[in-house]
Structures are given as structure tokens and as C-alpha cells.
Amino acid sequence: MSFTKINHYEKEYIDAHCHSALNVTEGVAEQPITNPYFKKRRKRALTVEEYVEGILRGDITVLSQAITLIESNNPAHYAQAQQIIERCLPHSGRSVRIGITGVPGAGKSTFIEAVGNMVTSLRHRLAVLAIDPSSERSGGSILGDKTRMESITNNPDVFIRPSPSAGSLGGVARKTRETIVLCEAAGFDVIFIETVGVGQSETAVHSMVDMFMLLQISGAGDELQGIKRGIMEMADMMVITKADGENLHKAELARTQFQSALRLFPMPESEWRPRVYTCSSVDRTGLEEVWAGVEQFLEHTGRNGYFTHNRSRQNKYWMYETINETLRNAFYRDPRVEAAIGDCEQRVLDARLSSFIAAKELLDIYFGERETPEKHEA
Ligand SMILES: Nc1nc2c(ncn2[C@@H]2O[C@H](COP(=O)(O)OP(=O)(O)OP(=O)(O)O)[C@@H](O)[C@H]2O)c(=O)[nH]1
Ligand SMILES: [Mg+2]
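What you are looking at is a predicted structure, and each value in this text was computed from that prediction instead of being measured. The residue numbering used here restarts from 1 in each chain and proceeds along that chain's sequence as written. For naming, the first written chain is A and the first written ligand is 1, with later ones following in the order written. With pLDDT at 70 or above as the cut-off, local features in this predicted model cover only qualifying residues; side-chain atom pairs require 80 or more to be listed or tallied, and sums for whole chains, interfaces and linings still use all residues. Side-chain figures throughout are based on the complete set of non-hydrogen atoms in the structure, without hydrogens or water.

Draft legend 1. How the structure looks around the sheet that holds strand β3 (residues 158-160). Should DSSP find at least two bridges between two strands, the strands are regarded as paired. The helix count covers DSSP runs of H or I at least four residues long, the strand count covers runs of E at least two residues long, and both are numbered beginning at the N terminus. If you trace the seven strands from one edge of the open sheet to the other, you get β3-β2-β4-β1-β5-β6-β7, paired in parallel fashion. Whereas interior strands pair on both sides, the edge strands pair on one side only; in this sheet they are β3 and β7 (275-278). Put simply, the sheet's adjacent strands are angled 25° from each other on average, direction ignored. As paired elements, strand β2 (residues 126-131) and β3 share three bridges and run parallel to each other. Along β3, the bridge assignment pairs L126 with V158. Convention adopted: a line fitted to C-alpha atoms gives each axis, helices being fitted over their contacting stretch, and angles between N-to-C directions are expressed from 0 to 180 degrees.

Draft legend 2. Spatial organisation of the packing of helix α5 (residues 108-121) against helix α12 (residues 287-303). Interhelical geometry of α5 versus α12 gives an angle of 70° and a closest axis separation of 10 Å. Taken together, the axes of α5 and α12 are roughly perpendicular relative to one another. Residues F111, A114, V115, M118 and V119 of α5 touch α12, and the partners they reach there are L287, E288, V290 and W291. Of the residues belonging to the contact of α5 with α12, the class tally is eight nonpolar, no polar and one charged. Here is the rule for angles: anything less than 35 degrees is roughly parallel, anything more than 145 is roughly antiparallel, 65 through 115 is roughly perpendicular, and the remaining ranges are oblique. Note on contacts: a residue pair is in contact if any heavy atoms of the two residues lie within 4.5 Å. By the convention adopted, Pro, Cys, Tyr, Trp, Phe, Met, Ile, Leu, Val and Ala count as nonpolar, Lys, Arg, Asp and Glu as charged, and the other residues, Gly among them, as polar.

Draft legend 3. The arrangement of a nonpolar patch on the surface in detail. Together, M319, Y320, I323 and L327 make up a nonpolar patch on the protein surface, roughly 400 Å² of accessible area in all. Turning to its location among the elements, Y320 is positioned in helix α13 (residues 306-332). Per-residue accessibility, obtained with a 1.4 Å probe over protein chains only, is compared with the maximum for each type, and a residue is labelled buried under 20%, exposed over 50%, and partly exposed between these values. Y320 sits in the partly exposed class, given a relative accessible area of 47%. Every patch collects residues that have over 30% relative accessible area and no salt bridge, joining them within 9 Å if they carry like charges and within 5 Å if they are nonpolar side chains (Val, Leu, Ile, Met, Phe, Trp, Tyr). Accessible surface area values rest on a Shrake-Rupley calculation with a 1.4 Å probe, where residue burial reflects the displayed protein chains alone. By definition here, a salt bridge exists when the distance from a side-chain nitrogen of Lys or Arg to a carboxyl oxygen of Asp or Glu is within 4 Å.

Draft legend 4. Just the site of ligand 1, in detail. Residue proximity to a molecule or strand is established when one non-hydrogen atom of the residue lies within 4 Å of it. Close to ligand 1 lie 16 residues, the nearest being K108, S109, T110, D244 and S281. Think of a polar contact as two N or O atoms within 3.5 Å of one another; within protein, one of them needs to be a possible hydrogen donor and the other a possible acceptor, and neighboring residues in sequence only count if both atoms come from side chains. A distance of 3.0 Å separates an oxygen atom of ligand 1 from a polar backbone atom of G105. K108 places a polar side-chain atom, nitrogen or oxygen, 2.8 Å from an oxygen atom of ligand 1. The fraction of the free accessible surface of ligand 1 (640 Å²) that becomes covered by protein chains is 71%.

This is the structure we're talking about:
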């Protein structure tokens, strides 16, 4: 049996999300001090300069702490995180960002482990992030995996960070995007962003990566059903996983099916016709071909300018997304709105007020064009 050490943040995460056998016993809150003259030294919080310097040095502990600031809902942490991000921005961008999606059980984690070790053997440093806003299930995929995926966890060139757990998809996506900046500044030149392809999260991931990879398992010949056309259209590459043993033939069949289905789609803007690969993460077959496909795509889009065009477009998109999210948060966290929203909601539910008028009432309160009930009484 082997033990994987968990750090403080992982423990917090496990406590919050995992109801598994991985129980961490409650410790004593504070050790009794035997020497009354002993002064407890409190760990000093890092300054922005120290964070930035640590990140640029590639210090994983500092990087993790800075990401924790990004994920924090404390406004002071948020402000500090923004300063760190701003200082790291000039050192970011020099990486390839690859989105990896697929239904639960498609083999994403096993694939990331197998490909990850291969990628680092090619002298890359890899950061694995995840977007999983619905991370109720098994504590948000990656952390559960972290204890399983030992070979990649122990790889010094790999940094794995579980999905920020709380919040709206927009919020989680912004945090992940900011985390990418810090990882790049810390010298990680390949970033994998994993997401479960069941909801809206793959669209969010698609909007922050250079390449989007769809993993698919071969089923009983009805592969094309049940897969959303929209996801297939986003894919720059498809990989049929688990092409081993008895599954080999089915996987090959699925590959040809998907390849012909993709041919029916109009030529993507990248002018790259997506290819379908088969691989086995267990037998470690087909992985080199997949990675060669990634490199070909990057070379092609680098040459025709799509890579840069796509990134600037994403930056523009994220400017608007950040504005939208900030406005939304400011509105919902406004004490005047908070005080009035419950009542408005109830009146809408009781059909005493139309939804449009209710919305206008609340917006007027927020923009100060309507006196709040409290103000009125005062
Ligand atoms: N035979 C075979 N089994 C595989 C392969 N890759 C993954 N599996 C198995 O498929 C199951 C699911 O794999 P995961 O890597 O956990 O899948 P996932 O997509 O990360 O799943 P979620 O995290 O739940 O979304 C596991 O039991 C793996 O052992 C493969 O290449 N061959
Ligand atoms: Mg997984």
C-alpha cells in the first residue's frame, strides 16, 4: 500500500467535497505550550512582490498559494490576486493550452496521465487544471484522481490543480483563466484543461484554449447518437479511447465513422480538418500519434495566423465576460438589492407582479433611481 501526502489545501478540499474512506482525523486545535516564554511565530503573509518573484522562480508552493488567492471570495485576496496577475501577465502566454473533454468515464484522467508523462519526457512542463462547476461528484474529478494517478502526481514537471469548487460557471471559468496566467508565468508551457462534457463547461473551456480535444469511447455502433453536434463542431481533434483488447476493432470502426461524420461539417475557421485518432492509455499505444497530431495542428494554425487571431478574440471575449460577471456580482451583492429581491421574487411567484416590472424595480433600486423601502421609512 502506498500513501500520498496531501497538503493543507487538498485537505480543505477533501473535507468539503469527499465523503469517502479518505477521512482525515481532526487534530488538536492548538498544541499546549510547555514553555510559557515561547512566542508562537505566525507565518507572515507574502507580499505581492514575493508572490510574483516566487512564481517567476517556478516555486510550486508560492504558485499554489497565489491560486488560492484567486479562488478566494475575500475582496482583499481578490485585490491582491489581481495585482499578482497583472505583474505576471508579461511573462505569460508562452504555452499551448489544450482543452480535453469527454463524458464521465471516457478515460480523460487516464489519458492525461499517460500523455502527461510522455509530454514531460519531451522536455515540457505540464499544468493540469480542471473546470468542473458541478464538482459534487467524487470531489471534482482531479483531486480524487490525484491520489490514484500516482505516476503523474510524483512527476516533478507536472502541476495538478483541482477545479475551483464554488461559484457560477462564469466565476469558475474566470478563476481558471487567471490560473493559466500564473502557471505560464511559472514556466509551464503545456496546459491541459479537463472538463466533463455534459454541460456548458466545455464551451467555457473552448473559449480559453488553443486546441480542443474530444475523447470518445466506442460503444455498440451507435456512437454518433448521443453526442452533441455542437461539441463535435468545437473539436480540433477526436480521440477514441480504450482501443485495446476486445475493444480494438470497435474503436477502429468508431474512428472511421467519426471521420466521415466530421467531413460533413463545413471547414472550420482554423482551416484545419479535424482528425480522429485511436489510442489506449493502458497499453500506451497511439499516444505518440495523438501528440504528433497536436503538434501538426499547432504548426498549421501558427503558420496561417489562426492561433494568434483566436487568442486575441478570446481576450476580447474575456474582457466582456469579466465586465458581465463583475456587474452581476455587484448587483446581487448590493445590500439594497439583497433586501428587496426576496419580496419581488415572491410577488412574481404569486403572479402579483410581472417579471419585467420586478426586474425593473430591482434595477432601479440598484442604479439609485428608486428609493429603497428603508430609505423611504427613514
Ligand atoms: N481498457 C482500458 N481502460 C481504460 C483506458 N483508459 C481508461 N480506462 C478505464 O476507464 C475507466 C474510466 O477512466 P477515467 O480515466 O477515470 O475516466 P474519466 O473520463 O476521467 O472519468 P470522469 O473523471 O469520471 O469523468 C477507468 O476504469 C479506467 O481504468 C484504456 O486506455 N483502456
Ligand atoms: Mg477523470
